[in-house]
Amino acid sequence: MKILLVASEVAPIVKIGGLGDVIGSLPKALEKLGVNADVAVPYYPKAKTENLKVYKAMELEVPFDNKSNTVEIHKTKLPGSDVDVLLFKNQEYFALGGKSAFLNNPSETEMFSFFSRAVVEYIKAEYNTYDLIHCHDWHTGLVNQILREELHEERPATIFTVHNLFYQGKAEVELVKELGFSPGTHPLIDFDIQDGDLNLLFQGITTADFVNTVSESYAEEIKTKTFGKDLAETLQARQDKLKGILNGIDYSFFPRDFDESNWKEKKVEHKKKLQKDLGLDVCDKPIFSFVSRLDPGQKGLDILFVSIDHILEKGGQFVLLGTGDKKWEKKFEKLAKKKKYKGDIAIKIEFSVDLANQIYCGSDFFFVPSLYEPCGLTQMISMHYGTPPIVRNVGGLKDTVVDNETGFTFEKYSSLDLNKAISRAFKLYEDKEGFDKMVENVLAKDFSWDISAKKYVDLYEEVIDSRK
């Protein structure tokens, strides 16, 4: 079985968000199961290829915006594997990419539309090489539509994965002409642009042979108006071809110097070092931490902000690491300057993988209070480091955290409900035997890609067979 995974990023070559981690891990797990998986991503100037062998494999002429555009295909290997990574290079369209995620502006949608067209040209050049094309998020939403246009019934099978329904890649209608589509010949495009824009996520969902998302609960949630919003009816219409497969994590990215036998001594050492490094008082107060993109629309910043006083007044410490919304960066930084909380709060507005892992490791509890959460990786990472999560009971959080067993969950999106979960965490922390039991429970959890990769292989086989 030969598969091509198409995405906007792949860690560690290009990592902007959680999508990069998935695309950097899933093909390696597929490879172990005997699947021949390639990865296609744009070759951004900021791509980290210094320690990789990269060579130019071929050139393509890609029709876009009424002209022929040269795209170079460079090849390398995904570190630690035999997975081929195909890097699509074009100075005009990819020069500004790879710096940040979710700009959702016309230049970005144009860039990824061009990328989709280039990917199809590559598939045509490698005719009959791939059994299935696995596209990820709105950045690749046009691949299936163009494949239908170019290869008709001879095209490979297709799967489209929704990683976050909130980000849809809404483009200007003029993009249809740049892609070379004739008005009136593509019903889904004609229907889509009636509201004044071209929705790349909608295109991906409606044109793929099968649609999946990154947890079982999120697959159910997005069929409702609450979580699915304007795409709920579209997803309901595709419910027979829609399922959720939980993301895994690649533990090789998260080194740990302890296990179930020696975690008590090591966790104490890591906690003291974290307190010293962040300027916190070195003491036995429980550390509650939050590591995330500062996204006010998803990550629960508003209810968490209100609950920080509750944590500190009850005798805890709070640590935050992340970047994002500028208003929220300033709000958290201002909170850290309160004299009454000196020594008990540390706010780091930066992106640091090493510091993130140190925080996961040295904390006692970890927050994921999201309004919605397709899968969530941070709660899995925190459990790997023996740090029970406190999460809202939605999406992938619901599928990975068991209340009072591997963490604490709360239902309503409110600081009041979050405070109740925090109070329960404090109570458990005082019960050393109970706390130790929960830490041992989370250390025993296995969220590696092995299980999820097997489910993907089964899905691939099902979709390929249905195409035949």
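Residues numbered from 1 in each chain as written. Predicted model: local features only at pLDDT ≥ 70, side-chain atom pairs only at ≥ 80, totals over all residues. Heavy atoms only, no water.

Caption draft 1: Structural context of the overall build of the chain. From N to C terminus, the chain includes 19 helices and 17 strands. The burial tally for the chain puts 58% of its 468 residues in the buried class. Sequence-distant contacts in the chain: of pairs separated by 6 or more residues, those separated by 24 or more amount to 72%. For the chain, the exposed area adds up to about 19600 Å²; of that, 49% sits on carbon and sulfur atoms. (Helix = DSSP H or I, 4+ residues; strand = E, 2+ residues; numbered from the N terminus. Buried < 20%, exposed > 50% of the residue type's maximum accessible area, 1.4 Å probe, protein only. Contact = heavy atoms within 4.5 Å. Areas by Shrake-Rupley, 256 points an atom, 1.4 Å probe, with all protein chains shown as cover.)

Caption draft 2: Quick peek at empty space enclosed by the protein. Enumeration according to the criterion identifies one cavity of 30 Å³ or more in this entry. The computed volume of the largest cavity comes to approximately 70 Å³. In this structure, the largest cavity is lined by Asp 21, Val 22, Ser 25, Gly 248, Ile 249, Asp 250, Phe 253, Phe 254, Leu 377 and Trp 449. Sorting elements by how many residues they give to the lining of the largest cavity places helix 1 (residues 18-32) first, with three residues. Its residues assigned to classes, the lining of the largest cavity comprises six nonpolar, two polar and two charged. (1 Å grid on protein atoms, 1.4 Å probe; cavity = no way out; pocket = protein on both sides within 12 Å on 5 of 7 lines; lining within 4 Å. Points joined across faces, edges and corners; volume = space filled by probe spheres on them. Nonpolar A, V, L, I, M, F, W, Y, C, P; charged D, E, K, R; others polar.)

Caption draft 3: Expanded view of the sheet that holds strand 10 (residues 210-213). Pairing is mixed in the open sheet, where nine strands are placed in the order 3-4-5-2-1-6-7-10-11. Whereas interior strands pair on both sides, the edge strands pair on one side only; in this sheet they are strand 3 (55-64) and strand 11 (242-244). Mean inter-strand twist for the sheet, computed between neighbouring axes without regard to direction, equals 25 degrees. In this structure, strand 7 (residues 157-162) lies alongside strand 10, joined through four bridges in parallel fashion. Of the residues in strand 10, the one forming a bridge with Phe 160 is Val 211. In the packing of helix 1 onto the sheet, the strands contacted are strand 1 (2-6), strand 2 (36-42) and strand 6 (132-136), and the crossing angle to strand 2 comes to about 160 degrees. Where helix 7 (residues 200-207) meets the sheet, its contacts fall on strand 7 and strand 10, and the angle it forms with strand 7 comes to roughly 135 degrees. (Pairing = 2+ DSSP bridges. Axes fitted to C-alpha atoms, helices over the stretch in contact; angles between N-to-C directions.)

Caption draft 4: Representation of the packing of aromatic side chains within the structure. By the definition in use, this model includes 26 aromatic pairs. Judged by centre distance (5.5 Å) and plane angle (90 degrees), the rings of Phe 88 and Phe 115 are edge-to-face. Of the two residues, Phe 88 is situated in strand 5 (residues 84-89) and Phe 115 in helix 3 (residues 106-125); the sequence distance between them amounts to 27 residues. Judged by relative accessible area, which is 0%, Phe 88 ranks as buried. The exposure class assigned to Phe 115 is buried, which follows from its relative accessible area of 0%. Consider the rings of Phe 191 and Phe 202, whose centres lie 6.0 Å apart with planes at 35 degrees: the pair is tilted. With Phe 191 in helix 6 (residues 187-192) and Phe 202 in helix 7, this pair connects stretches of sequence that are 11 residues apart. Among the aromatic residues, those joined into a ring-pair cluster are Phe 64, Phe 88, Tyr 93, Phe 94, Phe 114, Phe 115, Tyr 122 and Tyr 130. Between the NZ or CZ atom of Lys 331 and the centre of the ring of Phe 305, over which it lies, the distance is 4.7 Å. (Phe/Tyr/Trp six-rings, centres within 6.5 Å; stacked < 30°, edge-to-face > 60°. Lys NZ or Arg CZ within 6 Å of the ring centre and 35° of its normal.)

Caption draft 5: Structural context of the pattern of salt bridges. With the rule as written, the count across this model stands at 28 salt bridges. Among the salt bridges present, the one from Lys 266 reaches Asp 257, with a minimum N-O distance of 3.9 Å. A relative accessible area of 24% places Lys 266 in the partly exposed class. It is possible to trace a salt-bridge network through shared partners that takes in Arg 117, Glu 121, Lys 124 and Glu 150. (Salt bridge = Lys/Arg side-chain N within 4 Å of Asp/Glu carboxyl O.)

Caption draft 6: Structural detail: the nonpolar core. Among the nonpolar cores identified, the biggest contains 89 residues, and Leu 4, Leu 30, Phe 88, Ile 133, Leu 165 and Ile 205 are the most heavily contacted of them. With nine residues, the top contributor of residues to this core is helix 3. What Leu 30 contacts, discounting residues up to four positions off in sequence, is Leu 5, Val 35, Ala 37, Ala 453, Tyr 456, Val 457 and Tyr 460. (Core = buried A, V, L, I, M, F, W, Y, C linked by side-chain atoms within 4.5 Å.)

Caption draft 7: Spotlight on the state of the cysteines. In the structure shown here, the tally under the stated rule is zero disulfides. In this structure Cys 283 is a free cysteine whose sulfur lies 18 Å from that of Cys 361, the closest cysteine sulfur available. (Disulfide = S-S within 2.5 Å.)

Caption draft 8: Examining the pairing of strand 10 more closely. Here strand 10 shows two buried faces, one formed by Phe 210 and Asn 212 and the other by Val 211 and Thr 213. Looking at chain direction, strand 10 and strand 11 are connected through three bridges and run parallel. Looking at the pairing, Asn 212 lines up with Lys 243 of strand 11.

Caption draft 9: Structural context of the confidence of the model for the chain. Averaged over the chain, the pLDDT score is 94; the fraction of residues at 70 or greater is 98%. Confidence over residues 101-106 falls short of pLDDT 50; this stretch has eight contacts with residues more than four positions distant or in other chains. (pLDDT = per-residue confidence, 0-100.)

Caption draft 10: Examining the packing of helix 11 (residues 263-278) against helix 14 (residues 353-362) more closely. Viewed as axis vectors pointing N to C, helix 11 and helix 14 meet at an angle of 130 degrees, and their least axial separation amounts to 8 Å. Compared by their axis directions, helix 11 and helix 14 come out oblique. Considering only the axes of helix 11 and helix 14, their crossing is left-handed. The residues of helix 14 that touch helix 11, namely those facing Lys 267, His 270, Lys 271, Lys 273, Leu 274, Asp 277 and Leu 278, are Leu 355, Gln 358, Ile 359, Tyr 360, Cys 361 and Gly 362. (Parallel < 35°, antiparallel > 145°, perpendicular 65-115°, else oblique. Left-handed = near helix turned anticlockwise from the far one by under 90°.)

Caption draft 11: The side chain of Glu 9, seen in detail. Here Glu 9 shows up in the loop between strand 1 and helix 1. One buried charged residue, Glu 9, forms no salt bridge at all, with the nearest opposite charge on Lys 15 at 5.9 Å. There is a polar contact of 2.7 Å between the side chain of Glu 9 and the backbone nitrogen of Ile 16. For Glu 9, the side chain forms a polar contact with the main-chain nitrogen of Gly 20, separated by 3.1 Å. Beyond its immediate stretch of four places on either side in the chain, Glu 9 contacts Val 14, Lys 15, Ile 16, Gly 17, Leu 19, Gly 20, Ile 23 and Val 41. (Lys, Arg positive; Asp, Glu negative; His and termini not counted. Polar contact = N/O pair within 3.5 Å; in protein donor to acceptor, adjacent residues only side chain to side chain.)

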